[in-house]
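Architecture and fold: a report
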Amino acid sequence: MTNTAARSALFEPARLGPLHLPNRLVMAPLTRNRAGADGVPGPLMTTYYTQRASAGLIIAEATTPNAVGQTYPNIPALHGAHHVAGWRRVNDAVRAAGGRMVVQLQHGGRVGHPDNSGLTPVAPSPVALPETIHTPSGRQPSVVPREMTTDDIRSTVADFAAAARNAVATGFEGVEVHSANGHLLHQFLAENTNRRTDAYGGPVSRRVRFVVEVAQAVADAIGPERVGLRISPGNTVNGIAEGDTGRIYPELVAALAGLDLAYLHIVFADPDQPLFRDLRAAWPTALIANPALGHGPLPADGGRRAGERLLDAGADLIAFGRGFLANPDFVARLRTGAPLNPVREAYTMYTGGETGYTDYPTLPATVAHAVPAGAGVTR
Ligand SMILES: Cc1cc2nc3c(=O)[nH]c(=O)nc-3n(C[C@H](O)[C@H](O)[C@H](O)COP(=O)(O)O)c2cc1C
């Protein structure tokens, strides 16, 4: 079968825990810095997510579970009643438009700054991010984070659980624990950011412990069927050097496998990598794969072929970031083969306002509903 026809497993319905998804396309979490300075999502965010409600599932952007975990300015949060009220408006609108969302919970760890959160960042070890960081007054050198005590670890785990309860109270279907891309949980996993000698540092078996404790606490708080976890094996973003990628992730997945979580989400998933195949084989429930589309313009097919290869390799759902960012009707465009809006990178990703956020055009209805001739099942 060819994959050029309009029908494809990507557009088939799927189950995810208790959820029925109308297709297998997931909007990846995308930080866009459009919340208020107090972390409350406003009407602009409601419009943005509602425009993208045709995704099988939306994973709402990295959202802070406690004050010290805030990374950058204008990041949404979920630790106060005002945050709950703001997110409830977003969820009500997305649900009314036929969509469903989970939210990614992200603690930045050393990826943070006192000018953003009002607090000194905390991390597994006092190792500064080797980069400048965006603040309201421009980029500034990173500060050395304070090493987390055992009490800090305990209270952070509790904050994740409380934020997950808040998430469900706002109407989110569940949460994705962010253990990827160099943020706090990934800092515990990686050799160069975790220099601890206690029960949370040292050998891989101890470095995975914090991630497992967070996942367990969140699952206990809202039910494991509402919880996913995102990993990015080998990703060096935010100054990460894992050291032993090939040991960390099999060990982590083995430790998480018994929790009965709804899904594992792998960033830059590559079906040709043995590690991807090993993790797929070891993971007992749904796998969301975010293909490695590379930097620069989106591929002409929007990543459809890459997504189909990952489904063939055992992924259940396929996540795309920039495709959804630039195309509110990404599902229809992928299905019909319609051309994609190019991603406007410069000055719009993280800058606030509607430009490059809610002003990407949709297809005319006549094109969006067309089914090209020659449609056939392609998996
Ligand atoms: C503007 C932007 C913001 C992002 N924010 C997040 C985030 O909040 N959490 C996360 O896990 N990944 C984040 N990512 C990574 C994406 O989820 C995704 O993994 C990446 O864009 C690669 O997928 P793509 O090629 O389909 O865009 C972000 C990426 C971009 C471009």
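Worth saying up front: this structure is predicted, and the values here are computed from it rather than measured. Per chain, the residues get numbers from 1 upward, laid out in the order the sequence is written. The predicted nature of this model means local features are confined to residues of pLDDT at least 70 and side-chain atom pairs, given and counted, to a pLDDT of 80 or more, with totals for whole chains, interfaces and linings taken over all residues.

**A word on the UniProt feature "domain: NADH:flavin oxidoreductase/NADH oxidase N-terminal" (unreviewed entry) in the protein**
Inclusion rule: UniProt positions are given in the numbering used here, feature names are shortened, and annotations may be inferred rather than shown by experiment. By definition, any uninterrupted DSSP run of H or I lasting at least four residues is a helix, any uninterrupted run of E lasting at least two residues is a strand, and each is numbered from the N terminus.
Under the present numbering, the feature "domain: NADH:flavin oxidoreductase/NADH oxidase N-terminal" (unreviewed entry) in UniProt falls on residues 10-341. End C-alpha to end C-alpha, residues 10-341 measures 20 Å, and it is 35% helix and 18% strand.

**What to know about the packing of helix α4 (residues 150-169) against helix α7 (residues 209-222)**
Basically, it comes down to this: Axes, fitted as lines to C-alpha atoms, cover a helix only where it is in contact. Angles between the N-to-C directions of the axes lie from 0 to 180 degrees. Here a crossing is taken to be left-handed if its near helix is turned anticlockwise relative to the far helix by less than a right angle, and right-handed if that turn runs clockwise. Any pair of residues counts as being in contact when their C-beta atoms, constructed from backbone geometry, are within 7 Å of one another. The residue classification treats Ala, Val, Leu, Ile, Met, Phe, Trp, Tyr, Cys and Pro as nonpolar and Asp, Glu, Lys and Arg as charged. All others, Gly included, are polar.
α7 packs onto α4 with a crossing angle of 35° between their chain directions and a minimal axis gap of 8 Å. Considering only the axes of α4 and α7, their crossing is right-handed. On the side of α4, the interface is formed by I153, V157, A158, F160, A161, A164, R165 and V168, while α7 contributes F210, E213, V214, A217, V218, D220, A221 and I222. In the contact of α4 with α7, the residues fall into 13 nonpolar, no polar and 3 charged.

**Let's talk about the nonpolar core**
Definition in use: What makes a nonpolar core is a set of buried Ala, Val, Leu, Ile, Met, Phe, Trp, Tyr and Cys residues, with links drawn between C-beta atoms within 7 Å. Whether a residue is buried, exposed or partly exposed follows from its count of other C-beta atoms within 10 Å of its own C-beta, namely 20 or more, 12 or fewer, or something in between, respectively; the C-beta atoms are built from the backbone.
One finds V26, A164, V175, A215, V218 and I318 to be the most contacted residues of the largest nonpolar core, which totals 98 residues. Examining the composition of this core, we find that 9 residues originate from one element, α7, more than from any other. Excluding residues that lie within four positions of it along the chain, A164 makes contacts with L105, V175, V218, A221 and I222.

**A closer look at the site of the ligand**
As a reminder, the rule being used: All residues are tested the same way: a C-beta atom is placed from the backbone, and lying within 6 Å of a molecule or strand makes the residue near it.
Of all residues adjacent to the ligand, which total 19 residues, the nearest are A28, A62, L293, G321 and R322. The set of elements that each furnish at least two residues to the shell around the ligand consists of β4 (57-63) and α11 (322-326). Grouping the amino acids of the shell around the ligand by side-chain chemistry returns 9 nonpolar, 7 polar and 3 charged.

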